[in-house]
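In case you want the letters, here they are:
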Amino acid sequence: MPIHLGAAWYPEHWPEERWQVDLDLMRAAGLTVVRIGEFAWADLEPVEGQFDLGWLVRATEMAHASGLSVVVGTPTAAPPAWLTAAYPEVLAIDGSGARAQHGKRCHFDVTSPLYRAFCARVAERMALALGHAPGVIGWQIDNEYNRLTYSPQAATAFRLWLQEQFVDEQGRPSLARLNRAWSTSYWSERYTDWAQIPLPAEDNHNPGLVLSFRRFMTHAYREYQRAQVQAIRAHADPSHWITSNFMGFFDGFDHYPICEDLDLACWDHYIGTGNLDLDRAAASHDLTRGFKRRNFWVMETQPGCVNWAPINNVLNRGEARTMAWNGIGHGADAVLYWQWRPAPGGQEQYHGSLLGPDGRPRPFYREVGELAADLQLVGPLLDGTTVSAPVAVLHSYDDRWAIDHQRHHRGFDPLAHLLHYHRPIARRSIATDIVSTRADLVGRGYRLVVGAPIHIVDESIAAELAAYVREGGHLVLSARSGFKDYNNALPPQRQPALLQDLAGVQVEEYYAVLDTVKVDLSLGGATATGEAHTWAEWLVPGRATQVLARYGSGNGWLDGQPAVTMHQAGRGRVYYVGAWLADDLQDRLLAWIIAQAGVEPVLDKLPVGVRASRRGDVHILLNGGREAATVTLPWPGKDALRPDRAASDQIDLGPYGVAVVTNDQADQYQTGQRTSDE
Ligand code: GAL
């Protein structure tokens, strides 16, 4: 599959006579794909049961005739007014009991069986009309699932779902099990009837209930999605893939089970206020690649600016091209701009776009043209390639929900904490997978696995980690690991509970840190003193466990106690980092662990601000800043974007510069081999 470049196109906003002009301009810019249809329900089914898909079919035919591939979006994020007016129960209800209003989007109740039926019907009609249309390559279900609902029908469905989760040995629903798992003697919460179980619409509900509700909402979105997936699969060509577009680290639902029913993972990459941070963006790309453990699409990205951020600054000239290449370098097989042309009205009038309201290209259109020219030059080199990572950072929605519900220190943002571990790895241009805490790790070639933290640990998670370490892997466990069991209850052991033996350490006590606490780090002879903040655990190492850091004077309890430990377990090693270290110490510690684990970067000794990623044999070099930089390669490289230049070990990158480099010697070697084989 080529690397696609595209845009979200809303032909329904414009008269049909205009469409060919749009498509010609797309082709002239070098676009290869359009996404159409999402949000267009009012135009596709203007009256209940009366469909008008002719325009969508014609738009698809025209796009195909113009050489563009088409992704069809189902319009279900935007139910039409006739539907919400006639059947108000399809509208979501928020935590305060207020029903969502028509006139925005995503206002539907994902648990509504009626709504799902309407959605499945419109998806089916679309699949019947376009399932074998030339040019169509895939389908997007809905758009950015996000809303929770606290409706009576959600409560009913939640209670039924709970009856499948809490069962006795015979598989029968067991309220006793639920009561035990949630410790419901507490505050007399005990339930004697399933119907008594509330939705946690207010703050400070039982942690077991809260976590179950979040899992239930994932289940609801999965069922909702499945109804549409089935409708499409029944009628569409089997070559068509099905996806949905996500929002990076957004945690409204657990993306891992949702992705099980999809063929492709996608995300919408927006910066909003500010500028590109290559490492932060890399984390979201790594996350999305980890959903299906394969390449993904950037289904939407900003053409210059957005309209919804506090300050909707435009990206600097050249920055968007680097942003796109950063995605491609991390496994994106497509980049689509949102949007092609703004509707004259509607809520997003100020958003960036490729064309202006007058139908003529805006300045950003040129930048897209440059990216298209890049892809025409080097796309074939990347065809079929992917990223191979020696490091995995583990990620879990359960963990994030559990911690967020009880941060203990308001500054303990679980996502910020995870990124605190990802960033020192990413900034060294080390390829990293972000995968589920439940992903298999054995036999994947990882030299280093980071759990930051692995908060909820059950037998299966513990077993996989132990097997990985026994095989020789290095594992980092952060503070708050092994803190909870599957039901968000405290386990009967000290943390890290089921990981105690593997980690060779126990947490004697944990502290939310008011200011900072001093930490003395000692790594193979080198020492460093710095600080920890937010969170600090007093560690008790086992007999065979080495102490890598101790606290200095702090709250008295922590003084002189171990803060970071290292334990040899089988052929592997486990590091336990009990504190939220300040950035400089964190960087030092991770640099040392990376070296201990024998993890290699894609390229070493890069200038500040430059990052390298690798797909197959192709190296992608990016300059994330406005200062020119020169990269020295360990071999003579050829920049495929500048075919006129001879191979060299010096690659110049201008401001926001991009180079797509192949190893000239490796090429010659391979060519030579092929010749001698013939
Ligand atoms: C996305 C959404 C698009 C558009 C875009 C604007 O979140 O999927 O439909 O609204 O934001 O930045």
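Residues numbered from 1 in each chain as written. Predicted model: local features only at pLDDT ≥ 70, side-chain atom pairs only at ≥ 80, totals over all residues. Heavy atoms only, no water.

### Concerning the overall build of the protein
Helix and strand content of the protein: 18 helices and 24 strands. Relative to the globule expectation of 26 Å for 678 residues, the C-alpha radius of gyration of the protein, 26 Å, shows essentially globular dimensions. Here the C-alpha coordinates of the protein stretch approximately 80 × 75 × 55 Å along the principal axes. Evaluated residue by residue, the protein yields a buried proportion of 59% over its 678 residues. Carbon and sulfur atoms make up 50% of the accessible area of the protein, which amounts to about 26900 Å² in all. Computing the positive centroid from 60 side-chain charges and the negative centroid from 78, the protein places the two 2 Å apart. (Helix = DSSP H or I, 4+ residues; strand = E, 2+ residues; numbered from the N terminus. Rg over C-alpha atoms; globule rule 2.2 N^0.38 Å. Buried < 20%, exposed > 50% of the residue type's maximum accessible area, 1.4 Å probe, protein only. Areas by Shrake-Rupley, 256 points an atom, 1.4 Å probe, with all protein chains shown as cover. Lys, Arg positive; Asp, Glu negative; His and termini not counted. Charge placed at Lys NZ, Arg CZ, Asp CG, Glu CD.)

### Points about the sheet that holds strand β1 (residues 4-8)
Strand order in this open sheet of nine strands is β5-β4-β3-β2-β1-β9-β8-β7-β6, and the pairing throughout is parallel. The open sheet has two edge strands, β5 (241-243) and β6 (245-246), and neither has a second partner. (Pairing = 2+ DSSP bridges.)

### Quick notes on the domain arrangement of the protein
What the domain assignment lists for the protein is domain 1 (4-146 + 222-382), domain 2 (152-212), domain 3 (391-596) and domain 4 (610-668). Its C-alpha centre places domain 1 at a distance of 38 Å from the equivalent point of domain 3. Facing 19 residues of domain 1, the contacting portion of domain 3 comprises 21 residues. Each partner contributes to the roughly 1700 Å² buried at the junction of domain 1 and domain 3, and carbon and sulfur atoms together form 50% of this total. (Domains from an automatic or database assignment. Contact = heavy atoms within 4.5 Å. Buried area = accessible area lost by both parts, 1.4 Å probe.)

### Section: the site of the ligand
If you check the shell around the ligand, you find Phe 39, Arg 105, Asn 143, Glu 144, Asp 268, Tyr 270, Glu 300, Trp 308, Trp 338, Glu 348 and His 351 and nothing else. With respect to the ligand, the side chain of Arg 105 contributes an N or O atom lying 2.7 Å from an oxygen atom. Within the contact set of the ligand, an oxygen atom lies 2.8 Å away from a side-chain nitrogen or oxygen of Asn 143. Split into classes, the residues belonging to the shell around the ligand amount to four nonpolar, two polar and five charged. (Near = heavy atom within 4 Å. Polar contact = N/O pair within 3.5 Å; in protein donor to acceptor, adjacent residues only side chain to side chain. Nonpolar A, V, L, I, M, F, W, Y, C, P; charged D, E, K, R; others polar.)

### What to know about the nonpolar core
In terms of nonpolar packing, the biggest core is built from 162 residues, with Trp 139, Ile 197, Trp 325, Tyr 337 and Trp 340 touching the most fellow members. Tallying contributions element by element places helix α8 (residues 207-235) first for this core, with eleven residues. Leaving out residues up to four positions away in the same chain, Trp 325 has contacts with Leu 371, Asp 374, Leu 375, Val 378, Leu 382, Ile 620, Leu 622, Val 658 and Val 660. Membership of the second largest hydrophobic core comes to 26 residues, among which are Leu 394, Leu 441, Val 507 and Ala 569. (Core = buried A, V, L, I, M, F, W, Y, C linked by side-chain atoms within 4.5 Å.)

### Concerning the packing of helix α1 (residues 16-29) against helix α12 (residues 363-382)
Contact pair α1 / α12: the axes reach a minimum separation of 8 Å and the direction vectors enclose 55°. Relative to α12, the element α1 is oriented oblique. Residues Leu 25, Ala 28 and Ala 29 of α1 form the contact with α12, whose own contacting residues are Tyr 365, Val 368, Gly 369 and Ala 372. (Axes fitted to C-alpha atoms, helices over the stretch in contact; angles between N-to-C directions. Parallel < 35°, antiparallel > 145°, perpendicular 65-115°, else oblique.)

### Notes on the environment of Ala 595
Relative to the elements of secondary structure, Ala 595 occurs in helix α17 (residues 583-596). In sequence terms Ala 595 and Tyr 350 are 245 residues apart; their C-alpha atoms lie 48 Å from each other.

### Focus: the pairing of strand β18 (residues 572-577)
The buried count for β18 comes to six of six residues, which makes it a mostly enclosed element. Judged by which residues are buried, β18 turns out to be covered on both faces: Gly 572, Val 574 and Tyr 576 on one side and Arg 573, Tyr 575 and Val 577 on the other are all buried. Note that strand β13 (residues 474-478) and β18 share five bridges and pair parallel. The residue of β18 that forms the bridge with Leu 475 is Val 574. Sheet topology note: the strand β17 (residues 562-569)/β18 ladder contains six bridges and is antiparallel. Paired with His 567 across the strands is Val 574, a residue of β18. Counting the residues in the hairpin turn of β17 and β18 gives two residues, including Gly 570, whose phi is positive at 60°.

### A look at the side chain of Arg 611
Structurally, Arg 611 is set in strand β20 (residues 610-615). Polar side-chain contacts of Arg 611 include one of 2.7 Å to the side chain of Asp 279. In this structure Arg 611 touches Leu 278, Asp 279, Ala 426, Arg 427, Ser 429, Leu 606, Ile 620, Leu 621 and Leu 622, once residues within four positions along its chain are discounted.

### Thoughts on helix α10 (residues 278-292)
In this model α10 runs 22 Å from its N-terminal to its C-terminal C-alpha over 15 residues, within 8% of the 21 Å that 1.5 Å per residue would give. Extensive coverage of α10 is indicated by the burial of 14 of its 15 residues. The first or second residue beyond α10 is Arg 293, which carries a positive phi of 55°. (Expected span 1.5 Å × (residues − 1).)

### Things to note about unusual backbone geometry
A cis geometry characterises the amide bond from Trp 338 onward to Gln 339, with omega recorded as 10°. With respect to the helices, strands and loops of the structure, Gln 339 is situated in the loop between β9 (332-337) and α12. Along the chain, Gln 495 connects to Pro 496 via a cis peptide bond; the corresponding omega equals 0°. Inspection of the secondary structure puts Pro 496 in the loop between β13 and α16 (500-503).

### Here's the deal with the pairing of strand β4 (residues 136-140)
In terms of burial, β4 is largely enclosed, as four of its five residues are buried. The pairing of strand β3 (residues 69-73) with β4 spans four bridges and is classified as parallel. Looking across to β4, one finds that Val 71 is bridged to Gly 138. With three bridges connecting them, β4 and β5 associate as parallel partners. Note that in β5 the partner of Gly 138 across the bridge is Trp 241.

### Comments concerning the environment of Ala 157
Tracing the backbone shows Ala 157 in helix α6 (residues 152-165). What makes Ala 157 partly exposed here is its relative accessible area of 24%. Along the backbone, Ala 157 and Phe 216 are 59 residues apart, and their C-alpha atoms lie at a distance of 8.7 Å.

### A closer look at the environment of Leu 441
Within the secondary structure layout, Leu 441 lies in the loop between β11 (432-436) and β12 (448-451). In this structure the C-alpha to C-alpha distance between Leu 441 and Leu 465, which are 24 residues apart in sequence, comes to 7.5 Å. Excluding residues that lie within four positions of it along the chain, Leu 441 makes contacts with Leu 394, Tyr 446, Val 449, Glu 464, Leu 465 and Tyr 468.

### Focus on α6
In this model α6 runs 20 Å from its N-terminal to its C-terminal C-alpha over 14 residues, within 8% of the 20 Å that 1.5 Å per residue would give. Within the sequence span of α6, burial applies to Ala 154, Ala 155, Phe 158, Trp 161 and Leu 162. Buried positions in α6, seen along its axis, are confined to an arc of 130° and lie on one side of it. α6 presents Pro 152 and Glu 164 as exposed residues on the side facing more than 90 degrees away from its buried surface. On the buried face of α6, the contacting elements are α7 (175-181) and α8. (Arc of directions from axis to C-beta.)

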